Amino acid sequence: MFRKTPLAMLMVITTLLVSTLLSPDFAFADRTVNGNVVTLSSGATTNTGLNIYVDGSVAASGSGTKDAPFKTILEARNAIRAKKGVLPVGGITVWVKGGTYKFTSTLDLNASDSGAPGKSIVYRTYPGEKVIISNGTSVDPTLWKPLSSDAQSRVNPKVSASKLVELDVKAMGLTNINSFPGGNSFSDKWGIIDLIVDHERQPISQWPNPGEMAGSKRAGWTTANGSADAKSFYYGENGIPTDGQTDDELNADGTNRSERWASSVNAGHPLYLQGFWRTVWSPVTSKVQSIDNGEGSISLLDTPSGGMGSKWSKDIANSNPVYRTGDGTEEWRAVNYLDEIDVPGEWALDFKDGKVYYYPDGDIKTKDVEIADNATPIIKMYATSYLQLLGFQLEDSMSNGIEMQKTNHITIAGNTILNVSGGGIVDYYGSYNLIKSNDIYDTGEFGISLGYAGDRTTTFTKSNTRVTNNHIHHTGLLAHLAGIIVRDSNNVWIDHNLIHDVPKDGIRYVSSTNLTFEFNEIHNTALVESDTGAFYTAQDWTSYGNDLRYNFIHNNVRANGFYVDGGDAGDNFYNNIIQGSDRAFQFNGHHNIGRNNVVVASSKVQIENRSDVLTTDVVANAIMTKSYGVGSSFADGLRSKNPASGAWASFANELKTRYGYTDNLWTDMLNANWHPEYSNGSKLVDNALVQVNSVIKPKLGNITIEKNNIIPKVTDANFFNYSQMDLRTNNRQILDKFPNLNSIFPQIGLQQDMYRIRVVTRAETGGFTNH
């Protein structure tokens, strides 16, 4: 136990300990675009009422003292449980020595594991030591075998079969190896095992390879050559796409790919294609039914929703159901197939064989191999309170890193979460939680997901949860979810996070009120999908009171900056810097206001209406009206709040005072004569627009675009160092709109603190270019 120390001496000791923790040799490495970067620590030491020690390297477990530590974290947890809530003043710290700690399922922390005010339970790594917590399955190197003769016959002709190995995962008793849980056609569900070698997640095989151009405008994808019917497309010259391009990219490399695939499919090895069959968002992974090499076409087992072919291409009515010609831009790729393993690191799970096939980079018998087959989170908290988790590295789960439900006063800080098939951190129904200075990357889905924090139904109780100073990147590798997700929450604070290299949105927030997003930096979003944004929200007339300020979006050419989609309402964007986006602002919906922002080198800023439109269901061959008026689902959502009285009536008055609305919330929005299908009350005013191609305003509705300073070229803006993304300036036209830009700008993004001992540079994250 630590003895009590005079304050002055304690400050000296703390300084020395922090100094030790700053050493690169003792901190965790965040794998960024440009190599490994030392970033995190478990923080400064503090006195607690009781100290418990864990050391997995001891031969036998002791009593939990420093000289006789427990061998497992579970023993420490159980020792705290045995106290039945009778805790010492100052709480308890569990010190975990370096090493890897494996769980067959999950580290479960519930109400019995809680601390109390002034008596927190702290789990933390020992200063200067790396602690890995994993619930993966370790692979005995002797289990890897040369390929069977059948498997050898399927290997890509460009690769020697002797370079590949196989692992009988069925014989190992692994669970998630028989099929994709989403079935024959799915978007966000992946749900099969993952392969991690030497602490790096290995890429599932695909064709085209990530760096390979195969007819698409971007590497890693090819395009269809027109629709053959409602669930089939041409890969060869028989198609009639709008763009007229019918090259056979499938067989262009001379490996006879279509014949090889057909042979494997006919032998019972399922082939899945991931494609933008209908839209440029939410690609669908679909099982192939058959390949017709005479016709040069591929048929999927299931008809894509809406039928095959881009929704913007021409209808064909000579078959039932109706389908579209396809315009030749429908991107697709093959995933998880032995036949396309052709670069070191690639692997595939064959559902028929029950085997993993792998192309190792070097001798497989010298490598540390883990398989993520555990569909439970690494750490799970339920109804837990006053607990801290500091400085750990979590990896190898087929689920999420940390999952919290109905928790409060939890601190998750200084942790590294990687190589999980789900997301990094989930926090549902929580309050007063702090998620701070964590590195989250190489995840299958999202970075951090918050939901149902606070109340937005009858009481408007604040959640008081904060997500700050986290570095989130290279997420959504299996299912394309956002870096940070917030849903159905009230009063959450999201600040100083750095998010980049994500497949879809940087931050997605939906059906939430009184959120604050500030000092966040986001670049290189939408690397897989389109029609998205660095910040994205959609389809809720009740999501008022959200403030987005002091955020920096840059090198974001494939996405919008701030995207308010589907008639969403009530967001406020001010004092942000948006560089290199498609539409810096894309608003449709009520009372969305962009004021005093700086927009640089972006295609446009736009407010548009979502009037009632006719849409055609090509599968049902029916014409329907998609409504954004008083009869819409959005209006129903507002009515469900009983807005004429109680908390929502009070909220309306508060909003009018806070933002100066002149409309009557909520009665005007539910009045057909007010035309809620228009973007009434939305504004783009007092912004500085530097080299912005166009400003678009709809003809109808009470919409304001005015008093924006227009600067024709980036060179006229006199930024301090534009190539290095230093957008401070002495340009009066910009500073008239954003007077404190130069003092605010250096504060944006990650900040150094006791957990984040080093802040990565934009050069290290690839923040100077579009990826």
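Caption draft 1: The overall build of the protein chain, seen in detail. Counting secondary structure elements, the protein chain contains 9 helices and 64 strands. Relative to the compact-globule value of 28 Å for 771 residues, the protein chain shows a C-alpha radius of gyration of 28 Å, a close match. In terms of overall dimensions, the protein chain has C-alpha extents of about 80 × 75 × 50 Å along its principal axes. Residues classed as buried in the protein chain amount to 58% of the 771 residues present. Taking the contacts inside the protein chain whose residues are at least 6 apart along the sequence as the reference set, 65% of them involve residues at least 24 apart. Here the protein chain displays about 29,200 Å² of accessible surface, and carbon together with sulfur accounts for 49% of that area. Distance between charge centroids for the protein chain: 7 Å, based on 67 positive and 80 negative side chains.

Caption draft 2: Structural detail: the layout of surface pockets. Roughly 950 Å³ of volume is contained in the second largest pocket. Lining the second largest pocket are 32 residues, and of these Q206, P210, R333, L477 and V528 lie nearest its centre. At the level of elements, β14 (200-201) and β24 (331-335) are the ones that each hand at least two residues to the lining of the second largest pocket.

Caption draft 3: Region of interest: the packing of aromatic side chains. Per the stated rule, a full pass over the model turns up 39 aromatic pairs. Aromatic pair W207 and W332: ring centres 5.9 Å apart, planes at 55°, arrangement tilted. Separated by 125 residues along the polypeptide, W207 in strand β15 (residues 206-207) and W332 in strand β24 bring together distant segments of the chain. The same class applies to W207 and to W332, which are both buried. Measuring from centroid to centroid gives 6.1 Å for F573 and F585, while their planes differ by 70°, and the two rings are edge-to-face. Residue F573 is located in strand β50 (residues 571-574), and its partner F585 is located in strand β52 (residues 583-589); the two are separated by 12 residues in the primary sequence. Pair check on accessibility: F573 and F585 agree, each one buried. Here the aromatic residues F460, Y544, W648, F651, Y659, Y661 and W666 are joined through ring pairs into a cluster of three or more. When the ring centre of Y126 is taken as reference, the NZ or CZ atom of K97 above it lies at 4.4 Å. If you follow R466 out to its NZ or CZ, it ends over the ring of W493, 3.8 Å from the centre.

Caption draft 4: Region of the structure containing the sheet that holds strand β27 (residues 369-372). Read from one edge of the open sheet, 4 strands run β9-β27-β13-β14, paired in antiparallel fashion. Two strands lie at the open edges of the sheet, namely β9 (137-138) and β14, each paired on one side alone. The sheet contact formed by strand β13 (residues 194-197) and β14 spans 2 bridges and is antiparallel. When the sheet's bridge partners are listed, I196 is paired in β14 with R201.

Caption draft 5: Examining the pairing of strand β64 (residues 726-729) more closely. With 2 bridges connecting them, strand β63 (residues 719-721) and β64 associate as antiparallel partners. Each bridged residue has a counterpart across the sheet, and for F719 the counterpart in β64 is T729.

Caption draft 6: Up close: the sheet that holds strand β28 (residues 379-382). With respect to topology, 12 strands assemble into an open sheet ordered β6-β28-β31-β34-β37-β40-β43-β46-β49-β52-β55-β60, the strand pairing being parallel. The sheet is open, and its two edges are formed by β6 (107-109) and β60 (694-696), each paired on a single side. When strand polarity is set aside, the average angle formed by the axes of neighbouring strands in this sheet is 10°. In this sheet, β52 lies alongside strand β49 (residues 560-567) in parallel orientation, the contact comprising 4 bridges. Residue pairing in the sheet places V564 in a bridge with F587 of β52.

Caption draft 7: How the structure looks around the environment of E200. Tracing the chain through its elements places E200 in strand β14. Under the relative-accessibility criterion, E200 is labelled partly exposed at 38%. C-alpha separation for the pair E200 and E370, spaced 170 residues apart in sequence, amounts to 9.7 Å. If we ignore the near neighbours within four places in the chain, the residues touching E200 are R31, L195 and N419.

Caption draft 8: Fine view of unusual backbone geometry. Omega for the bond connecting W207 with P208 falls within 30 degrees of zero, at -5°, which places this linkage in the cis form. Mapped onto the elements of the fold, P208 is located in the loop between β15 and β16 (222-223). The amide bond that connects L665 to the next residue, W666, takes the cis arrangement and shows omega of 10°. Along the chain, W666 turns up in the loop between α6 (646-659) and β58 (683-685). Of note, the phi angle at N491 is positive, near 60°, even though the residue is not glycine. Inspection of the secondary structure puts N491 in the loop between β40 (484-487) and β41 (492-495). Residue N642 is not a glycine yet carries a positive backbone phi of 50°. Among the secondary structure elements, N642 is positioned in the loop between α5 (633-639) and α6. Here N642 falls in the exposed class, since its relative accessible area comes to 54%.

Caption draft 9: View of the side chain of N209. Position of N209 among the secondary structure elements: in the loop between β15 and β16. Here N209 falls in the buried class, since its relative accessible area comes to 12%.

Cut-offs applied
- Residues numbered from 1 in each chain as written.
- Predicted model: local features only at pLDDT ≥ 70, side-chain atom pairs only at ≥ 80, totals over all residues.
- Heavy atoms only, no water.
- Helix = DSSP H or I, 4+ residues; strand = E, 2+ residues; numbered from the N terminus.
- Rg over C-alpha atoms; globule rule 2.2 N^0.38 Å.
- Buried < 20%, exposed > 50% of the residue type's maximum accessible area, 1.4 Å probe, protein only.
- Contact = heavy atoms within 4.5 Å.
- Areas by Shrake-Rupley, 256 points an atom, 1.4 Å probe, with all protein chains shown as cover.
- Lys, Arg positive; Asp, Glu negative; His and termini not counted.
- Charge placed at Lys NZ, Arg CZ, Asp CG, Glu CD.
- 1 Å grid on protein atoms, 1.4 Å probe; cavity = no way out; pocket = protein on both sides within 12 Å on 5 of 7 lines; lining within 4 Å.
- Points joined across faces, edges and corners; volume = space filled by probe spheres on them.
- Phe/Tyr/Trp six-rings, centres within 6.5 Å; stacked < 30°, edge-to-face > 60°.
- Lys NZ or Arg CZ within 6 Å of the ring centre and 35° of its normal.
- Pairing = 2+ DSSP bridges.
- Axes fitted to C-alpha atoms, helices over the stretch in contact; angles between N-to-C directions.

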